[in-house]
Amino acid sequence: MSNAENIEFNGLKVMVVDDSKTIRKTAETLLKKFGCKVVTAEDGFEALPKINQHHPDIIFIDIMMPRLDGYQTCTLIKNNSALKNTPVIMLSSKDGLFDRARGRIAGCDQYLTKPFTREELLGAISSHCSHS
């Protein structure tokens, strides 16, 4: 396992969708340190047009959000032929089997429990985004 300090994701576009400003800021600050371009949104409703505009390489989505929740947003992304191969990582404060199963049904590629660590966040990007 390589040391997180040596990881660089130069120019990788990462989207973070969470209704918590703290989570968005924390993830954005961390990801920018590792060379990512970060786009954020407060909920799925705000995220969808941004996803179409920016075409992120990977998307982190909180499950519990107003208007469009993480499951609904993930389903919409995965049902869009232009976006269906974009990795979607669900973020949840609950670590239940039911939530994981629902996430899989919605088409998510991975499930992280909040609070996530820097290693988990970077590890998810490493495993889903092949970069040269």
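Residues numbered from 1 in each chain as written. Predicted model: local features only at pLDDT ≥ 70, side-chain atom pairs only at ≥ 80, totals over all residues. Heavy atoms only, no water.

A. Geometry of the overall build of the protein. Counting secondary structure elements, the protein contains 5 helices and 5 strands. Put simply, the protein runs from its N terminus to its C terminus through helices and strands in the order β-α-β-α-β-α-β-α-β-α. What you see for the protein is a C-alpha radius of gyration of 14 Å, in line with the 14 Å of a compact globule of 132 residues. Dimensions of the protein, computed from the C-alpha atoms along their principal axes, are close to 35 × 30 × 25 Å. Looking at the protein residue by residue over its 132 residues, the buried ones come to 47%. Here the analysis covers contacts within the protein between residues at least 6 apart in sequence; of these, 60% occur between residues at least 24 apart. (Helix = DSSP H or I, 4+ residues; strand = E, 2+ residues; numbered from the N terminus. Rg over C-alpha atoms; globule rule 2.2 N^0.38 Å. Buried < 20%, exposed > 50% of the residue type's maximum accessible area, 1.4 Å probe, protein only. Contact = heavy atoms within 4.5 Å.)

B. Broad picture of the nonpolar core. Residues V14, L31, F60, L112, L121 and I125 are the most contacted members of the largest nonpolar core, which totals 22 residues. Contributing elements (two or more residues each) for this core: β1 (13-17), α1 (21-33), β3 (58-62), β4 (88-92) and α5 (118-128). Ignoring any residue separated from it by four or fewer positions in sequence, one finds L31 in contact with V14, V16, C36, V38, L121, L122 and I125. Counting 19 residues, the second-largest nonpolar core is a separate cluster that includes M15, V17, L83 and M90. (Core = buried A, V, L, I, M, F, W, Y, C linked by side-chain atoms within 4.5 Å.)

C. A look at the UniProt feature "modified residue: 4-aspartylphosphate" (unreviewed entry) in the protein. Listed under "modified residue: 4-aspartylphosphate" (unreviewed entry) in the UniProt record, and renumbered for this structure, are D62. Among the structural elements, D62 can be located in strand β3. On the basis of relative accessibility, which here comes to 3%, the residue D62 falls in the buried class. Leave out the neighbours within four places in its chain, and D62 touches V17, D18, D19, G70, L91 and K114. (UniProt positions renumbered as here; feature names shortened; annotations may be inferred.)

D. Up close: the environment of G103. Position of G103 relative to the elements: it lies in helix α4 (residues 97-106). A C-alpha to C-alpha distance of 23 Å links G103 and T22, two positions 81 residues apart in sequence. Among all residues touching G103, those that are not within four sequence positions of it are Y71, M90 and C108.

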